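A closer look at the structure
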Amino acid sequence: MSRLGLVIDIDACVGCQACATACKEWNGSSLMAGGAPDYDPHGDAPSGVWFNRVRHYEAGHYPLSKTMNVPMSCMHCEDADCVTVCPTGASYKRAEDGIVLVDPEKCMGCNYCAWACPYGARELDEDKGVMRKCTLCVDRIYDTALPEAERQPACVLACPTHARHFGDFDDPTSKVSTMSAERDGRPLFEKLGYKPVNRYLPPRATPDVPPPAALAPRGTLQSRLAAMVNRLVRL
Amino acid sequence: MKPALSIVFFTAASGAGLGLAMWLLVAQLAGRLDTSRPAVAWAAGLAALLVGAGLLASTQHLANPRNAWRAFARVRTSWLSREAVLAVAFWPLAALHVLLTLRGAGIARASALALLLLAFAVVVSTAMIYACLKTVPRWRTWHTPVGFVAFSLGSGGLLWSALAASGGLAVPPAGLVLAPVLAAVAIKLAWEAKFAARGHATINEALAVPMSAPRGQAQGRVRLLDAGHAHGTFLTNEFGFVLAREREGTLRVAMFVLLGPAVPLLAWAVPGAAGAWLAAGAFGAGVLLERWLFFARAEHVVRLYHGQQAV
């Protein structure tokens, strides 16, 4: 039994979209994921199915603000409502590793699972009329034909800043478990109670820098005069 | 949420049809339905037409209707599956009940009761499809199932009295018919007062950023810098529907007028059957509008990730 998922380091992510494009490249033609179509890719209104989307945010106010690039894909929730609401049984969560998958042979394209997902992890394939989502590259991670180092999701392998890590959260000694414990790894939208598996490492705290001089209170007339003289002397 | 017309029509029409069926069954159980009269067949036919048209419309919402038959597979966990099973079970039981009633069998009372409960269960499970979603706080309240039942009984009851006014059916007591109409308006008003405002969840909760934390850590109000896509996506299309505030106000007033004062006014001002049909029609239009607004005003939490501050 394992609980596979991702750790995403918001401190390291530069928002380059490499994970999202690597995901498209691998899953666009994957038999397991069933494809991620593009609509009008070179036209005026390019759109399509993405299993992973990177959005860019800012928290707080300058100069103490943090820019956060937040890639989001399926969180492979322990309490996955997308699975329980599915009327056909097309959505399922694997007991052995916790991966949430869609069986396109059973899906009737009612969108109900996408409604139940707070993370926007599910998108309808309008060409085939079935729901698509992140498979955690289930067709890579167990593939013994691949070198062991490559048995990871495509997004993790592609990340140039090593902001993405894949592993088993049930194993307390795994890299993802220890990273998450050390860096205060957080689930997104915990309040809804879906128990998402993926963890997001918040930006590291910046050292306490004194505010710039322009913002410092103006000194007394004497100290400002002394500062002026000092500046002149240094010339 | 995108107000898909197929779903708007489905919930309103099958609700009205099931409401009419429930009232006819209540009348039959109370011994107030002379089943030998052709008017009863017309009434039952109208109910069946509305329920059937609604169910057909609901399948228009599916992107892959070829697999619709699989929707009966997850009754244990899914309200959509429960609704599908109950709505389909309604038809053979209704046919059986009609047959037993025509034969004058004593057991028709039992089948009437069973069918009544089944119709009620269909309406409740239709509502629970929406009310069970944690992702749409404005739906996740008791107002949704209770409201659906009230709208169903209200529109069905007004159809019942319109049919009765056209002759052949015993005229139902006005109080009985108007009670669910009033209840529906009251539930809607209660929802407006308590749930229409935003504040159920915030962008900070969605992104796990605290509003305040020790200096240096990420904190404070989060805002979207860029959504990462140049054009619309499935998510913005399905969940990004924005109803202009001014338009929302106008439609809301129209809805309350159609659901509330229009019904007794039309029934009173226009004499005879025409007034009863107009009242039923006004309420029906009000229910369609209510259902459209039900979707248009429901805000899915995924909007927070697209930059909305609160839902």
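For every chain, the first residue of the written sequence is number 1, and numbering continues from 1 along that sequence. By the order in which they are written, chains take letters starting at A while ligands take numbers starting at 1. It should be noted that, the model being predicted, local features are given only for residues of pLDDT at least 70 and side-chain atom pairs only at 80 or more, the latter also being counted only at that level, while totals for whole chains, interfaces and linings use all residues. Only hydrogens and water are removed before side-chain values are computed, so all heavy atoms of the structure are retained for them.

Let us now look at the overall build of chain A. Each helix is a run of H or I in the DSSP string that is no shorter than four residues. Each strand is a run of E no shorter than two, and both are numbered from the N terminus. Looking only at helices and strands, one finds seven helices and eleven strands in chain A. Relative to the globule expectation of 18 Å for 235 residues, the C-alpha radius of gyration of chain A, 23 Å, shows a markedly less compact shape. By principal-axis analysis of the C-alpha atoms, chain A measures approximately 80 × 50 × 35 Å. The buried share of chain A, reckoned over its 235 residues, is 56%. The contact definition used throughout considers only heavy atoms, calling two residues in contact when any of these lie within 4.5 Å. Sequence-distant contacts, at least 24 apart, represent 58% of the contacts inside chain A between residues at least 6 apart. About 11,100 Å² of surface is accessible on chain A, with carbon and sulfur atoms providing 57% of the total. Positive residues here are Lys and Arg, negative ones are Asp and Glu, while His and the chain termini are left out of the count. Taken as the charge centre is NZ of Lys, CZ of Arg, CG of Asp or CD of Glu, depending on the residue. The average position of the 26 basic charges and that of the 29 acidic charges among the side chains of chain A differ by 9 Å. Within these notes, the globule rule equals 2.2 Å times the number of residues to the 0.38 power, and the radius of gyration is based on C-alpha atoms. Whether a residue is buried, partly exposed or exposed follows from its accessible area with a 1.4 Å probe, protein chains only, as a fraction of its type maximum: under 20%, in between, or over 50%, in that order. Using the Shrake-Rupley algorithm and a 1.4 Å probe, accessible areas are obtained, with residue cover drawn only from the displayed protein chains.

Turning next to the environment of A:Pro63. All names here are of chain A. Its location among the elements puts Pro-63 in the loop between strand S4 (53-59) and strand S5 (66-72). On the basis of relative accessible area, Pro-63 is assigned to the partly exposed category, the value being 47%. Separated by 169 residues in sequence, Pro-63 and Leu-232 have C-alpha atoms that sit 30 Å apart.

What follows is about the sheet that holds S5(A). Two strands make a pair as long as DSSP finds a minimum of two bridges between them. Across the sheet, three strands lie side by side as S5(A)-S4(A)-S1(B); this open sheet has antiparallel pairing. Each edge of the open sheet carries a strand with a single partner, namely S5 of chain A together with strand S1 (222-226) of chain B. Strand after strand, the sheet turns through a mean of 35° between neighbouring axes, direction not considered. Pairing of S4(A) with S1(B) involves four bridges; the strand directions are antiparallel. Bridged to A:Glu58 within S1(B) is B:Arg223. Axes, fitted as lines to C-alpha atoms, cover a helix only where it is in contact. Angles between the N-to-C directions of the axes lie from 0 to 180 degrees.

So, on to the confidence of the model for chain B. Residue and element names in this part refer to chain B. In this model, chain B carries an average pLDDT of 95, and 100% of its residues clear a pLDDT of 70 or more. Predicted confidence in chain B is weakest over helix H10 (residues 262-269), with a mean pLDDT of 90, and strongest over helix H12 (residues 302-305), with 98. Confidence estimates for the predicted assembly give a pTM of 0.91 and an ipTM of 0.94. Confidence of the predictor at the level of single residues is given by pLDDT, which spans 0 to 100.

As a further point, take the sheet that holds strand S1 (residues 4-9) of chain A. All names here are of chain A. Strand order in the open sheet formed by three strands is S10-S1-S11, and the pairing between neighbours is mixed. Looking at which strands have only one partner, the edges of the open sheet turn out to be strand S10 (164-168) and strand S11 (199-201). Adjacent strand axes in the sheet meet at a mean angle of 25° when their direction is disregarded. Two elements, S1 and S10, share five bridges in a ladder whose sense is antiparallel. Across the sheet, Leu-4 pairs through a bridge with Asp-168, a residue of S10. Of the strands in this sheet, S1, S10 and S11 are in contact with helix H6 (residues 175-182), which crosses S10 at around 115°.

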